[in-house]
Amino acid sequence: MNAPADPADTLRASLAALLDGLPPKSAAGAVERLIANYRGATPTDAPILRDRADVAAYAAYRMPATFEAVRSALEAFADAVPGWTPGSHVDVGGGTGAATWAVTATWEGTRPVTVLDWAEPALALGREIAAANPALRDARWQRARIGAALTLDSTDLVTVSYVLNELAEADRAALVDAAAAAAQSVVIVEAGTPAGYDRVIEARDRLIRAGFRVAAPCPHSAACPIVPGTDWCHFSARVSRSSLHRQVKGGSLAYEDEKFSYVAATRLPAEPAPARVVRRPQIRKGQVLLDLCEADERLRRTTVTKRHGDLYKAARDADWGDAWPPGTAESGDPVS
Ligand SMILES: C[S@@+](CC[C@H](N)C(=O)[O-])C[C@H]1O[C@@H](n2cnc3c(N)ncnc32)[C@H](O)[C@@H]1O
């Protein structure tokens with residue numbers, strides 16, 4: 001029997017097929033309109049994704065990146081709750097469903113999935129693309145407006161991906177409260193910008209006040225050690241560029257790096273990483289510099305040199321966003 005297809009490949013093929021029927025200039029034009037819209041004032045009173053052209057452009061242009069960002073966040077979360085698999089999933093502000101694809105790429109099997117969004121064209125296209133993913137075949141795509149009246153059915157996992165920044169403060173609070181009331185675990189992903197990080201921290205504080213513990217990326221559930229306004233915690237996920245990307249952005253790079261901020265919080269017993277690598281490691285001759293966020297609520301730079309033996313080898317392999325040291329719940333066998 002053939003191995004099941006990687007959802008990332010299936011998603012890429014479905015998105016490419018979506019553009020097949022469209023003249024290349026019209027897809028690129030729709031992307032440019034969309035980028036201009038997103039540069040305008042958000043939150044807006046009505047959906048930005050208004051018709052199929054908008055949504056096809058969003059899906060083809062942004063979905064591979066939001067999918068990879070959410071997948072990275074979910075992998076870090078999964079490492080902190082080994083053995084756990086969500087039995088049900090609700091994706092709020094799910095649009096065309098990037099986070100639902102990321103959940104199926106992180107945990108095998110099928111589960112009831114509900115996608116909520118106020119933009120009907122996004123839900124319709126999401127449903128269409130999801131037909132290619134067996135784990136999403138029975139997903140429910142439902143119209144819902146995020147606001148004070150939002151309530152969610154009880155579920156194991158709620159994802160909120162690239163949504164908070166489109167909402168007014170009261171709606172952000174209502175969404176996080178509704179997620180905390182309904183879910184065992186909540187994963188929130190935003191753009192890796194100072195504004196995205198602010199939204200993540202605001203949600204993180206709210207989830208902790210509701211009784212959740214942070215499972216990733218933070219090694220603890222105390223306050224973030226970053227002094228507000230001086231820096232922002234974010235990570236990076238590599239995304240292959242589509243031909244549409246190359247048309248819109250020019251150049252011939254085969255990939256780009258999507259920057260994102262996130263928090264995964266849970267009521268489950270979790271094993272957060274003892275420390276996390278919060279910048280790209282700097283590899284020098286005979287040494288690696290690692291910037292770590294540590295369990296004692298500090299940011300610290302550590303230097304791992306050749307004298308550290310196996311730990312040095314591990315440091316050379318360490319990536320921005322990884323748990324440190326290896327050998328903890330996140331990284332497999334201990335390194336002596
Ligand atoms: C940037 S898109 C992200 C879509 C998807 N979660 C992803 O990661 O690709 C933001 C989504 O939030 C939805 N949204 C924004 N404000 C909303 C509201 N007040 N109620 C419901 N959905 C909303 C939009 O329609 C859109 O689908």
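What you are looking at is a predicted structure, and each value in this text was computed from that prediction instead of being measured. (Residues numbered from 1 in each chain as written. Predicted model: local features only at pLDDT ≥ 70, side-chain atom pairs only at ≥ 80, totals over all residues.)

1. Thoughts on the overall build of the chain
Logical step 1: Helix and strand counts for the chain stand at nine helices and 13 strands.
Logical step 2: Along the three orthogonal principal directions, the C-alpha set of the chain runs to about 60 × 50 × 45 Å.
Logical step 3: In the chain, buried positions account for 43% of the 336 residues.
Logical step 4: Taking the contacts inside the chain whose residues are at least 6 apart along the sequence as the reference set, 73% of them involve residues at least 24 apart. (Helix = DSSP H or I, 4+ residues; strand = E, 2+ residues; numbered from the N terminus. Buried ≥ 20, exposed ≤ 12 C-beta atoms within 10 Å, placed from the backbone. Contact = placed C-beta atoms within 7 Å.)

2. Examining the site of the ligand
Logical step 1: For the ligand, the set of nearby residues contains 21 residues, the closest of which are Thr-66, Gly-93, Gly-95, Trp-118 and Ser-161.
Logical step 2: Listing elements by their share of the shell around the ligand, those giving two or more residues are α3 (52–80) and α4 (98–106).
Logical step 3: Of the residues that constitute the shell around the ligand, the class distribution is twelve nonpolar, five polar and four charged. (Near = placed C-beta within 6 Å. Nonpolar A, V, L, I, M, F, W, Y, C, P; charged D, E, K, R; others polar.)

3. A closer look at helix α5 (residues 120–130)
Logical step 1: Turning to α5, its buried residues are Pro-121, Ala-122, Leu-123, Leu-125, Gly-126, Ile-129 and Ala-130.
Logical step 2: Its buried side turned inward, α5 meets α1 (7–20), α3, α4, β2 (113–117) and β3 (140–143).

4. Focus on unusual backbone geometry
Logical step 1: Pro-217 follows Ala-216 through a cis peptide bond whose omega is 0°.
Logical step 2: Looking at the secondary structure, you find Pro-217 in the loop between β6 (213–216) and β7 (235–240).
Logical step 3: Cis geometry marks the peptide bond from Trp-324 to Pro-325; its omega dihedral reads -5°.
Logical step 4: Examined against the element boundaries, Pro-325 turns out to sit in the segment after β13 (323–324).
Logical step 5: Its identity as a non-glycine residue notwithstanding, Tyr-162 has a phi of 55°, on the positive side.
Logical step 6: Summarising the element assignment, Tyr-162 is placed in the loop between β4 (155–161) and α6 (169–182).
Logical step 7: Here the phi dihedral of Glu-297 falls at roughly 65°; this positive angle occurs in a residue that is not glycine.

5. Overview of the pairing of strand β12 (residues 299–305)
Logical step 1: Here strand β11 (residues 287–294) runs beside β12; their pairing, made up of seven bridges, is antiparallel. Residue Leu-292 lies in a different strand from β12, and its bridge partner there is Arg-300.
Logical step 2: Counted between consecutive antiparallel strands, the loop separating β11 from β12 contains four residues, among which Glu-297 sits at a positive phi close to 65°. (Pairing = 2+ DSSP bridges.)

6. Quick notes on the environment of Arg-71
Logical step 1: Here Arg-71 shows up in helix α3.
Logical step 2: Residue Arg-71 is classed as buried on the basis of its C-beta count, with 22 C-beta atoms lying within 10 Å.
Logical step 3: Sequence separation between Arg-71 and Val-186 is 115 residues; the distance between their C-alpha atoms is 14 Å.
Logical step 4: Residue contacts for Arg-71: discarding those within four places in its chain leaves Ala-102, Ala-105 and Thr-106.

7. Points about the packing of α3 against α4
Any two packed helices are characterised by how steeply their axes cross, that is the angle between the axes, and by the distance between the axes.
Logical step 1: At a closest axis distance of 8 Å, the pairing of α3 and α4 adopts a crossing angle of 45°. In terms of orientation, α3 and α4 fall into the oblique class. Crossing geometry of α3 relative to α4 is assigned as right-handed. Of α4, the residues touching α3 (which contributes Met-63, Thr-66, Phe-67, Val-70, Arg-71, Leu-74, Glu-75 and Ala-78) are Ala-98, Ala-99, Trp-101, Ala-102, Val-103, Ala-105 and Thr-106. (Axes fitted to C-alpha atoms, helices over the stretch in contact; angles between N-to-C directions. Parallel < 35°, antiparallel > 145°, perpendicular 65-115°, else oblique. Left-handed = near helix turned anticlockwise from the far one by under 90°.)

8. Some points on the domain arrangement of the chain
Logical step 1: Per the domain assignment, the segments of the chain are domain 1 (7–266) and domain 2 (275–324).
Logical step 2: Taken over C-alpha atoms, the centre of domain 1 sits 29 Å from the centre of domain 2.
Logical step 3: Domain 1 puts twelve residues into the contact, and the matching count from domain 2 is twelve residues.
Logical step 4: Listed by contribution, the elements that provide at least two residues to the side of domain 1 that touches domain 2 are α3 and β7.
Logical step 5: In terms of residues, the side of domain 1 that touches domain 2 owes the most to one element, α3, which gives three residues.
Logical step 6: Residue composition of the side of domain 1 that touches domain 2, grouped by class: eight nonpolar, three polar and one charged. (Domains from an automatic or database assignment.)

9. Describing α3
Logical step 1: Residue Arg-62 marks the point of greatest curvature in α3, where the axis turns by about 50°; the proline Pro-64 follows within four residues.
Logical step 2: In terms of burial, α3 is a largely internal element, 25 of the 29 residues being buried. (Bend = angle between axes of the 7 residues up to and from the residue.)

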